[in-house]
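Topology and contacts: notes
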Amino acid sequence: MDSKFKGVFPALLTPFKADGSINDDSVAKLVEYNVRKGVDGFYVGGSTGEGMLLTVDERKQLFRASAEANAGRTTMIAHVGTICTDHAIELAKYAKEVGFDAISAVAPYYYSFSYDAIKNYYLDIVNSVDIPMIIYNFPNASGFNFTKAIAEEMFACSDRFIGIKHTTSDLFLLQQFKSMSAKPVVYNGWDEMFIAGLSMGADGGIGSTYNLMADKFIDIYNYFQKGDLRAAQAKQLEANAVISELIKYGVFAAEKAVLDALGIPMGDCRRPFRPISDEGRAKMTQIAKSL
Ligand code: MN9
């Protein structure tokens with residue numbers, strides 16, 4: 001596996017201006033802020049990035065703005081998943097064109113598509129563009145749970161499948177993915193369990209809370225690699241003290257409020273997400289000072 005896919009990847013938040021359009025300027029600031037902290041790459045336009053609430057054109061705008069800001073310094077993964085295969089293909093082609101290293105997609109949701117439909121969705125996407133694909137396994141959101149057997153079967157169809165972003169607390173399954181003959185790169189999806197995911201074999205993590213505290217996750221990763229589990233655990237507990245507050249107020253809106261307080265204007269989340277409460281914003285301003 002290519003080592004550029006290992007490590008700590010913020011699931012990039014998408015900043016909006018007051019009129020609701022994407023704020024390219026803040027995309028650049030947020031990318032810069034995290035590149036300087038030493039992240040290994042970015043996962044753009046996924047759940048955290050409100051990808052499914054953006055138009056296809058906006059998703060392209062986000063890919064372009066983030067790739068330009070990154071300027072080849074770290075590994076870029078574009079989330080192109082949607083329920084419409086044609087849109088996903090259009091996004092995948094665009095991601096490749098603006099320099100992304102890989103694409104990723106959640107399984108198509110809402111219609112309870114058959115396994116055959118889901119498999120062909122992935123194959124249609126990977127056959128449309130010659131960059132690697134990282135499957136996004138998020139059963140709570142997509143309604144479809146990859147098993148090791150299903151993943152084996154899909155990975156056998158194309159060597160463009162290189163990894164799995166695993167957003168469930170089933171870390172036995174994470175380890176089972178790691179034991180596949182295709183040797184996929186596997187990312188931990190719940191930030192609050194990063195050290196646990198690493199213990200079960202994760203090669204890194206993709207997370208929303210990394211946007212504002214990547215340093216803590218880089219520390220967890222590095223301590224873990226050195227075998228200093230006590231120090232890694234202490235950092236995880238520090239991160240979790242923050243995460244437990246973010247979750248109370250709506251995680252993405254709360255993360256945006258912390259970044260606002262740190263000087264990167266993020267705006268609200270897109271409707272139907274609700275804006276953060278005044279109480280939540282005050283709390284996030286306090287958290288920003290503590291970081
Ligand atoms: O991409 C994120 N997943 C979702 C990963 O938000 C669905 C996580 O980073 C969580 O936001 C985070 C807080 O629960 O672990």
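Quantities reported herein were computed from a predicted structural model and do not represent experimental measurements.

1. Some details on the overall build of the protein chain
- Broken down by element type, the protein chain carries twelve helices and eight strands.
- Taken against the 2.2 N^0.38 rule, which gives 19 Å for 291 residues, the C-alpha radius of gyration of the protein chain at 18 Å falls within 12% of a compact globule.
- Taken along the three principal axes of its C-alpha coordinates, the protein chain extends 50 × 45 × 35 Å.
- Counting over 291 residues, the protein chain shows a buried share of 54%.
- At a minimum sequence separation of 6, the contacts of the protein chain that also span at least 24 residues come to 70%.
- Only carbon and sulfur atoms are counted for the fraction: they give 50% of the accessible area of the protein chain, which is about 12,100 Å².
- Of the charged side chains in the protein chain, 30 are positive and 34 negative; the average position of the first set lies 3 Å away from that of the second.

2. Digging into a nonpolar patch on the surface
- Together, Ile83, Tyr110 and Tyr111 make up a nonpolar patch on the protein surface, roughly 390 Å² of accessible area in all.
- With respect to the helices and strands, the residue Tyr110 is situated in the loop between strand S4 (102-106) and helix H4 (115-126).

3. Some remarks on the site of the ligand
- In the vicinity of the ligand, the contacting residues are Thr48, Phe138, Lys165, Gly189, Trp190, Asp191, Glu192, Ile206, Gly207, Ser208 and Phe252.
- Contact between the ligand and Glu192: an oxygen atom at 2.4 Å from a side-chain N or O atom of the residue.
- At 2.7 Å, a side-chain N or O of Ser208 approaches an oxygen atom of the ligand.
- For the ligand, the protein covers 93% of the area, taking 380 Å² as the surface of the free molecule.
- In terms of residue class, the shell around the ligand is built from four nonpolar, four polar and three charged.

So, how was this worked out
- Residues numbered from 1 in each chain as written.
- Predicted model: local features only at pLDDT ≥ 70, side-chain atom pairs only at ≥ 80, totals over all residues.
- Heavy atoms only, no water.
- Helix = DSSP H or I, 4+ residues; strand = E, 2+ residues; numbered from the N terminus.
- Rg over C-alpha atoms; globule rule 2.2 N^0.38 Å.
- Buried < 20%, exposed > 50% of the residue type's maximum accessible area, 1.4 Å probe, protein only.
- Contact = heavy atoms within 4.5 Å.
- Areas by Shrake-Rupley, 256 points an atom, 1.4 Å probe, with all protein chains shown as cover.
- Lys, Arg positive; Asp, Glu negative; His and termini not counted.
- Charge placed at Lys NZ, Arg CZ, Asp CG, Glu CD.
- Patch = residues over 30% accessible without salt bridge, like charges linked within 9 Å, V, L, I, M, F, W, Y side chains within 5 Å.
- Salt bridge = Lys/Arg side-chain N within 4 Å of Asp/Glu carboxyl O.
- Near = heavy atom within 4 Å.
- Polar contact = N/O pair within 3.5 Å; in protein donor to acceptor, adjacent residues only side chain to side chain.
- Nonpolar A, V, L, I, M, F, W, Y, C, P; charged D, E, K, R; others polar.

Geometry only, nothing functional implied.
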